[in-house]
2 protein chains.
Amino acid sequence: MDQVLTLQKDFAVSAKFRVSGKVEGVFRTGSEERFETFPADALELTFKGIPGDRHSGFTRRSGAREPWYPRGTEMCNERQISLLSVEELRLIAERMALPEILPEWIGGNFLLSGLPHLTRIPPRTRLVFEGGAVVRVDGENLPCRSAGAGVGANYPDREGLDLLFPKEARGLRGLVGYVEKPGTVRAGEGVTAHIPEQWIYETV
Amino acid sequence: MDQVLTLQKDFAVSAKFRVSGKVEGVFRTGSEERFETFPADALELTFKGIPGDRHSGFTRRSGAREPWYPRGTEMCNERQISLLSVEELRLIAERMALPEILPEWIGGNFLLSGLPHLTRIPPRTRLVFEGGAVVRVDGENLPCRSAGAGVGANYPDREGLDLLFPKEARGLRGLVGYVEKPGTVRAGEGVTAHIPEQWIYETV
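Every residue gets a number counted from 1 within its own chain, in the order that chain's sequence is written. The order in which chains are written sets their letters, starting at A; the order in which ligands are written sets their numbers, starting at 1. In keeping with the predicted nature of the model, local features appear solely for residues at pLDDT of at least 70, side-chain atom pairs appear and are counted solely at 80 or more, and the whole-chain, interface and lining totals rest on all residues. Only heavy atoms go into the side-chain values, all of them from the structure, while hydrogens and water stay out.

Draft legend 1. Spotlight on the interface of chain A and chain B. Listed by partner, the interface residues are 57 residues for chain A and 57 residues for chain B. For the pair chain A and chain B, the two sides together bury roughly 5300 Å², of which 60% comes from carbon and sulfur. For the chain A face of the interface with chain B, the top three residues by lost area are His117, Arg120 and Tyr201 of chain A, together amounting to 15%. Whenever a carboxyl oxygen of Asp or Glu lies within 4 Å of a side-chain nitrogen of Lys or Arg, that contact is scored as a salt bridge. In this assembly, chain A and chain B are joined by eight salt bridges. Only heavy atoms matter for contacts: two residues are in contact if any of them lie within 4.5 Å across the pair. Here's the idea: put two parts together, see how much 1.4 Å probe accessible area each one loses, and the total over both is what we call buried area.

Take a look at the structure:
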């Protein structure tokens, strides 16, 4: 066994911390077939996600995001919930020269404000909602062409928005995560992100 | 809305990469009551984890690691699987002045070698086993006193090992994770860690 591997490396570890924001709106899909979401007064979260929502379940089917699996392969569902940021949506719209992008168009479930750089909140962060529900962050949601098509459908006079969105929304398209603790989330309540310790892993 | 929040920050993003190692052994608990594990030739993984193992299930009960919940609260089970490193176990033993620490004593399910600084492999990493099973990394497993007691039980002449272990095993006690894709994992097969992009999240 290589001696190097037995040495403990001193990674520079950033301390855990908390940052708080607000739930501006909650949304769910209207059916299991459609991608777009619709505003609701409150969302009930179970361990499977949002009951009746297209993305609920302990498992999901793989898609274009998992090219290493044959399409439709059953896998864990770490993408039960889509979280978006008011500030980031505004910035994407600005970069795409659009007046606005609504969370519903790209299938968002929670619209949050006040959490800086929401998309960059790291994996394993716990999002603790004031009403008691807790969502665990899987991580950044990579922007795809079908979300871009959802934006484009609302601006029929602009061509190519489906392709422009993945380009301009990189690092801004919010987070996906799964339910750690069930509960009801209401528009207007507070949310606190519990950021874990962080470091950059390297092998040498 | 604060203007600062609408600006996209350029986080220093480390590229994703892969690193490979080997499965040196596989282990499972003998019952749902006991913490210690026992060697097996192969482990079957389902979406719930290891069938019959103490830590299997889509949900688990909270414990001392989650002091913010009343003990026994049902929560998501991101801790289905415990992964340990040959190199790190050797280093913990050295630091505790013990001849060895076996993975079984601290409830390990997979003993791996060749993945440097296993415990520091970041959340959201995918561990792809040669036989087709995939485990998603939740993150570092914080060493606790009950694992220390598991070590101490094997060295009855040494006092205080239960308390020494959490101190000396910090950053070396391996990972916990959950099943992304079911399959059978056998001792001797290869494993590749798919490390995602990394950055340090900060609010300013």
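Draft legend 2. Layout of the packing of aromatic side chains. Ring geometry is summarised as follows: Phe, Tyr and Trp rings, the Trp one being its six-membered ring, pair when their centres sit within 6.5 Å, and such pairs are stacked at plane angles under 30 degrees, edge-to-face over 60 and tilted between the two. Overall, the coordinates contain twelve aromatic pairs over all chains when judged by the stated rule. Ring plane angle 85 degrees and centroid distance 5.7 Å describe the contact between Trp105 of chain B and Tyr155 of chain B, whose orientation is recorded as edge-to-face. Remark: Tyr155 of chain B occurs in the loop between helix H3 (145–152) and helix H4 (161–168) and Trp105 of chain B occurs in the loop between helix H2 (86–95) and strand E7 (110–113); sequence separation between them is 50 residues. You can call Tyr155 of chain B buried: its relative accessible area is 15%. Among the aromatic side chains, those forming a connected cluster through ring pairs are Phe11 and Tyr201 of chain A together with Phe17 of chain B. Secondary structure follows DSSP: runs of H or I at least 4 residues long count as helices, runs of E at least 2 residues long count as strands, and numbering of each begins at the N terminus. Summary of the burial criterion: residues with accessible area below 20% of their type's maximum are buried, those above 50% are exposed, and those between are partly exposed, where the area comes from a 1.4 Å probe applied to protein chains only.

Draft legend 3. Up close: the layout of surface pockets. Residues and elements named next belong to chain B. Looking at the second largest pocket, its volume works out to about 700 Å³. Cavity means a closed set of points on a 1 Å grid over the protein atoms alone, one where a 1.4 Å probe fits but cannot get out, pocket means an open set with protein on both sides within 12 Å along at least 5 of 7 lines, and lining means a residue has an atom within 4 Å of a point. Looking at the second largest pocket, it is lined by 27 residues, and the ones nearest its centre are Arg54, His55, Arg60, Arg65 and Arg79. Within the residue set of the lining of the second largest pocket, elements represented by two or more residues are strand E4 (59–61) and strand E6 (81–85). Ranked by the residues each element gives to the lining of the second largest pocket, the list is headed by E4, at three residues. Grid points are joined across faces, edges and corners, and a volume is the space filled by probe spheres set on the points.

Draft legend 4. Fine view of the relation of the copies chain A and chain B. Rotating chain A by 180 degrees and translating it 0.0 Å along the rotation axis places it on chain B, where the RMSD comes to 0.0 Å. Such values leave the two copies arranged in the relation of a two-fold axis. In terms of C-alpha distance to the rotation axis, chain A has Pro123 of chain A as its closest residue, with the C-alpha 2.9 Å off the axis. Both copies present the same face, since 100% of the interface residues in chain A are matched by interface residues at the equivalent positions in chain B. Least squares is used to superpose the copies, and the fit set is the C-alpha atoms of residues whose pLDDT is at least 70 in both copies.

Draft legend 5. Layout of helix H3 (residues 161–168) of chain A. Residue and element names in this part refer to chain A. Every buried residue belonging to H3 is among Leu161, Asp162, Phe165 and Glu168, and all of these are buried. Seen end-on, H3 carries its buried residues on one side only, within an arc spanning 140 degrees. Turned more than 90 degrees away from the buried face of H3 sit Leu163 and Lys167, all of them exposed. The elements touched by buried residues of H3 are helix H1 (86–95) and helix H2 (145–152). Arc, as used here, means the arc of the directions from the helix axis to the C-beta atoms.

Draft legend 6. Up close: H2 of chain A. By the burial criterion, the buried members of H2 of chain A are Ala147, Gly148, Gly150, Val151 and Gly152 of chain A. Those residues of H2 of chain A that are buried are in contact with H3 of chain A.

Draft legend 7. Region of the structure containing empty space enclosed by the protein. Under the definition given, this model contains four cavities of 30 Å³ or more. Considered as a void within the structure, the largest cavity measures approximately 230 Å³ in volume. Elements supplying a minimum of two residues to the lining of the largest cavity: strand E10 (175–181) of chain A together with strand E10 (175–181) of chain B. For the second largest cavity, the calculated volume is near 100 Å³. Lining of the second largest cavity is provided by Pro123, Arg124, Arg136, Val137, Asp138 and Tyr178 of chain A together with Pro123, Arg124, Arg136, Val137, Asp138 and Tyr178 of chain B. Residue assignment for the lining of the second largest cavity shows that the elements contributing at least two residues are strand E9 (134–140) of chain A together with strand E9 (134–140) of chain B. Looking at side-chain class alone, the lining of the second largest cavity contains six nonpolar, no polar and six charged residues. Lys, Arg, Asp and Glu make up the charged group, whereas Ala, Val, Leu, Ile, Met, Phe, Trp, Tyr, Cys and Pro make up the nonpolar group; the residues left over, Gly among them, are polar.

Draft legend 8. Seen up close, the environment of Leu163 of chain A. Its place among the elements puts Leu163 of chain A in helix H3. Each C-alpha atom of the pair Leu163 of chain A and His117 of chain A lies 23 Å from the other, and the pair is 46 residues apart in sequence.

Draft legend 9. Inspection of the pairing of strand E1 (residues 17–29) of chain A at higher detail. Residue and element names in this part refer to chain A. Inspection of the sheet shows E1 paired to strand E12 (residues 190–195) by six bridges, in the antiparallel sense. The partner of Val19 across the bridge, within E12, is Ala193. Taken together, the four bridges between E1 and strand E7 (residues 110–113) define a ladder with antiparallel strand orientation. Opposite Val26, over in E7, you have Phe110 as the bridge partner. At least two bridges found by DSSP between two strands is the condition for calling them paired. With four bridges connecting them, E1 and strand E2 (residues 37–40) associate as antiparallel partners. Across the sheet, the residue bridging to Phe27 is Pro39, located in E2.

Draft legend 10. Region of the structure containing unusual backbone geometry. Residues and elements named next belong to chain A. Even without a glycine there, the phi angle at Ala97 is positive, about 55 degrees. Inspection of the secondary structure puts Ala97 in the loop between H1 and E7. Judged by its relative accessible area of 58%, Ala97 is exposed.

Draft legend 11. Quick peek at the pattern of salt bridges. Within the structure shown, the criterion is met by 30 salt bridges over all chains. Among the salt bridges present, the one from Arg124 of chain A reaches Asp138 of chain B, with a minimum N-O distance of 3.0 Å. Taken together, the residues Arg124 of chain A in the loop between E7 and strand E8 (126–129) and Asp138 of chain B in strand E9 connect one chain to another. Exposure class is identical for Arg124 of chain A and Asp138 of chain B. Each is buried. Salt-bridge contacts for Lys9 of chain B lead to Glu202 of chain B; the nearest nitrogen and oxygen are separated by 3.2 Å. You can see Lys9 of chain B sitting in the loop between helix H1 (3–6) and strand E1 (17–29) and its partner Glu202 of chain B sitting in the segment after strand E12 (190–195), a full 193 residues away along the chain. For Lys9 of chain B, a relative accessible area of 24% translates into the label partly exposed. Residues participating in the shared-partner salt-bridge network are Arg60, Glu66, Glu78 and Asp138 of chain A together with Arg124, Arg126, Arg136 and Glu180 of chain B.

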